[in-house]
Amino acid sequence: MYMRERISQGATDPKTKAIYEGLLEVLDPPRRAIRLQREMAAAAKAAVVVKAAAERRAAAERRRREDRRRLNQGSPTGVERRAGIDRRAGRDRRDR
């Protein structure tokens, strides 16, 4: 009754509402069971959507002809950091 009076007087902050809902669930256990079932159903529905999207992406990846690991995409900054002298093709640098 106290919580109902507080809410009717205008105490509508989230903390008061959470306490009121929690007390209702303690006093009326089927209310909690219904809320949990509703939440689990929503979570299961969302999981199905995520799984379908992942399967579509996987199918699209398998259909690609080129392998992204074999493509030479160049430097990510657009400028090669190493000069041709510093490259390891050529003479052995350990013989100095």
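Residues numbered from 1 in each chain as written. Predicted model: local features only at pLDDT ≥ 70, side-chain atom pairs only at ≥ 80, totals over all residues. Heavy atoms only, no water.

Turning to the pattern of salt bridges, a few remarks are in order. Note on pairing: side chains with opposite charge can pair once their charged atoms come close. Tallying each qualifying case throughout the model produces three salt bridges. Between E25 and R35 there is a salt bridge; the shortest N-O distance is 2.3 Å. Here the residue E25 occupies a position in helix α2 (residues 14-27), and R35 occupies one in helix α3 (residues 29-63), the gap between them amounting to 10 residues. For E25, a relative accessible area of 15% corresponds to the buried category. On the basis of relative accessible area, R35 is assigned to the partly exposed category, the value being 25%. A network of salt bridges, in which partner residues are shared, links E25, R35 and E39. (Salt bridge = Lys/Arg side-chain N within 4 Å of Asp/Glu carboxyl O. Helix = DSSP H or I, 4+ residues; strand = E, 2+ residues; numbered from the N terminus. Buried < 20%, exposed > 50% of the residue type's maximum accessible area, 1.4 Å probe, protein only.)

Turning our attention to the side chain of T16. You can see T16 is positioned in helix α2. For T16, a relative accessible area of 6% corresponds to the buried category. One polar contact links T16 to D13, side chain to side chain, over a distance of 2.6 Å. Once residues lying within four places of it in the same chain are set aside, the contact partners of T16 are M3, R6, I7 and A11. (Polar contact = N/O pair within 3.5 Å; in protein donor to acceptor, adjacent residues only side chain to side chain. Contact = heavy atoms within 4.5 Å.)

That is the geometry; function is a separate question.
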